[in-house]
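Single-letter residue listing:
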Amino acid sequence: MPMETPPQFTKAFKFSEITISDMTKVLASMKPTTCTENILPPKIILDNNDIFTPILTKIINASFRDRKVPNAIKGVTVTLLVKKPNLYQRDPNNLRPITNLNFVLKIMDTIDTRQPQASVESTNSLHPQQSGRRPAHSTEAAMLDLQTKMLSIIDKGKTGLLILLDLIATFNLLDHNLLQTALTMTANCSDEAIGWVMSFLKNRISRVHWGDKFSLEKDILILCGVLQGASMSPLLCTLYLRYLCRVLDHINPFFTNYADDTQQVFELSGDSDQLTMIYNNFEHWMDSNWMCLNGKKKRTPGIWLSSCQS
């Protein structure tokens, strides 16, 4: 069982300035996604990239130097779509929120995600049992690892318990101050990099779009969470949840984590205090980090496993 290895840091991570060549490659990969927050239609920018490439390069490099993302491009529109045509449209549980970013912010997000992702991979900043946001770590590989752990208990003739934990609205509940600590401790980000990420996340405003209607003219100020639809958000969430993996390391070595989904396999010894301690530790971490379990799934989170007895 691979235990946690401390990240191998040589120097603090900070964003590097990009070149016009870098921006040209990014624009070539972008799609002209429309958004009500765009000042210019994305198609105009992409069709005239020879004009806009130097301008966008200067804007993003200035953003890195000043550790600031302009508030003018932080606005997002959240469009509510019905999950299935036959569902009742006025029930919020039947609606799926789709977040559309300002096109310039989307370009900035695409560029800014590639640099910390490479740093995270090279410094071992992710827990070995975390499969999310890692090359060559698919959901299939995570499930095979979980199956191997379950079969090893059954082969020994022991009784096991599989517990499935699903965090709800992780992107929306993530606390910015705790994330700042996580970026310092687990990813060794420099003050410059953390300052930019915090500017990217804080003081955001959001409008809700449903059918032909928009929310009130007074936009909603977002005080926590990360941007839905941003490439950087899954990476930030995964680094934030490394602390959960450390908690699980001390109470149960047999667990698999894929993004915010956690599966734990226990070899039961008949000691009921074991499960009580595990639950109390997990609940304490959840309360301390402003997280909560999916209410619909936590009612039946356990699956008993045992060998066949003749």
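The rules we used
- Residues numbered from 1 in each chain as written.
- Predicted model: local features only at pLDDT ≥ 70, side-chain atom pairs only at ≥ 80, totals over all residues.
- Heavy atoms only, no water.
- Helix = DSSP H or I, 4+ residues; strand = E, 2+ residues; numbered from the N terminus.
- Buried < 20%, exposed > 50% of the residue type's maximum accessible area, 1.4 Å probe, protein only.
- Contact = heavy atoms within 4.5 Å.
- Areas by Shrake-Rupley, 256 points an atom, 1.4 Å probe, with all protein chains shown as cover.
- pLDDT = per-residue confidence, 0-100.
- Axes fitted to C-alpha atoms, helices over the stretch in contact; angles between N-to-C directions.
- Parallel < 35°, antiparallel > 145°, perpendicular 65-115°, else oblique.
- Nonpolar A, V, L, I, M, F, W, Y, C, P; charged D, E, K, R; others polar.
- Core = buried A, V, L, I, M, F, W, Y, C linked by side-chain atoms within 4.5 Å.
- Salt bridge = Lys/Arg side-chain N within 4 Å of Asp/Glu carboxyl O.
- Patch = residues over 30% accessible without salt bridge, like charges linked within 9 Å, V, L, I, M, F, W, Y side chains within 5 Å.
- Pairing = 2+ DSSP bridges.

1. A short note on the overall build of the protein chain
Along the backbone of the protein chain there are eleven helices and nine strands. Taking all 310 residues of the protein chain together, 42% fall into the buried category. Sequence-distant contacts, at least 24 apart, represent 75% of the contacts inside the protein chain between residues at least 6 apart. Surface summary for the protein chain: the accessible area is close to 17200 Å², and the carbon and sulfur share equals 57%.

2. Side note on the confidence of the model for the protein chain
Any segment with low pLDDT has predicted coordinates that should not be analysed in fine detail. Across the protein chain, the average pLDDT comes to 77, with 80% of residues at 70 or higher. Contacts of residues 1-10 to residues separated by more than four positions or lying in other chains number 26 contacts, the stretch itself having pLDDT below 50.

3. Quick word on the packing of helix H7 (residues 176-186) against helix H9 (residues 232-240)
It is the contact of H7 with H9, at a shortest axis distance of 9 Å, that shows an interaxial angle of 80°. With respect to H9, the axis of H7 lies roughly perpendicular. Contact residues: H7 offers Leu178, Leu179, Ala182, Leu183 and Thr186, while H9 offers Leu236, Leu239 and Tyr240. Each residue belonging to the contact of H7 with H9 can be placed in one class, and the counts come to seven nonpolar, one polar and no charged.

4. Some thoughts on the nonpolar core
If you look at the biggest cluster of nonpolar residues, it comprises 61 residues, and the most contacted ones within it are Ile107, Leu183, Trp196 and Val197. Among the elements that take part in this core, helix H8 (residues 191-201) stands out by supplying seven residues, more than any other. Residues in contact with Trp196, not counting those within four places in the same chain, are Phe15, Ser63, Phe64, Arg67, Lys68, Val69, Met108, Asp112 and Met232.

5. Here's the deal with the pattern of salt bridges
Tallied over the entire structure, the rule returns three salt bridges. Between Arg65 and Glu17 there is a salt bridge; the shortest N-O distance is 3.0 Å. One end of the pair, Arg65, is in helix H3 (residues 49-66); the other, Glu17, is in the segment before helix H1 (20-29), and 48 residues separate them in sequence. Residue Arg65 is classed as exposed on the basis of its relative accessible area, which comes to 53%. Its relative accessible area of 47% is what places Glu17 among the partly exposed residues. The residue Arg67 makes a salt bridge to Glu192 at a minimum N-O spacing of 3.8 Å. Of this pair, Arg67 sits in the loop between H3 and strand S1 (76-82) while Glu192 sits in helix H8, placing them 125 residues apart in sequence. Overall, Glu192 belongs to the partly exposed group, its relative accessible area being 35%.

6. A few points about unusual backbone geometry
Negative phi is the rule for most residues except glycine; trans is the rule for most peptide bonds. Even without glycine at this site, Arg67 takes up a positive phi of about 55°. The phi dihedral of Asn203 falls on the positive side, at around 55°, and the residue is not glycine.

7. Quick look at the side chain of Thr77
With respect to the element layout, Thr77 can be found in strand S1. When neighbours within four sequence positions are excluded, Thr77 is seen to be in contact with Cys35, Thr36, Glu37, Ile98, Thr99, Asn100, Arg207, His209 and Phe214.

8. With respect to a nonpolar patch on the surface
A surface patch of nonpolar side chains, about 300 Å² in accessible area, is lined by Ile39, Leu40 and Ile44. Note on placement: Ile44 falls in helix H2 (residues 42-47).

9. Things to note about H9
Extensive coverage of H9 is indicated by the burial of eight of its nine residues. By the burial criterion, the buried members of H9 are Met232, Ser233, Leu235, Leu236, Cys237, Thr238, Leu239 and Tyr240.

10. Focus on the pairing of S1
As paired elements, S1 and strand S2 (residues 95-101) share seven bridges and run antiparallel to each other. By the bridge assignment for S2, Val82 is matched with Leu95.

11. Observations regarding the environment of Leu248
Summarising the element assignment, Leu248 is placed in helix H10 (residues 242-251). A relative accessible area of 0% places Leu248 in the buried class. Placed 30 residues apart in sequence, Leu248 and Ile278 show a C-alpha to C-alpha distance of 8.3 Å.

12. Brief notes about the side chain of Ser199
Secondary-structure assignment places Ser199 in helix H8. Setting aside chain neighbours within four positions, we find Ser199 in contact with Arg67, Lys68, Val69 and Lys74.

13. Topic: the pairing of strand S8 (residues 261-267)
The side chains of a regular strand alternate between both faces of the sheet. When you tally the buried positions in S8, you get five out of seven residues, the bulk of the element. Where strand S3 (residues 159-166) lies against S8, seven bridges are found, and the strand directions are antiparallel. The residue of S8 that forms the bridge with Ile163 is Gln264.

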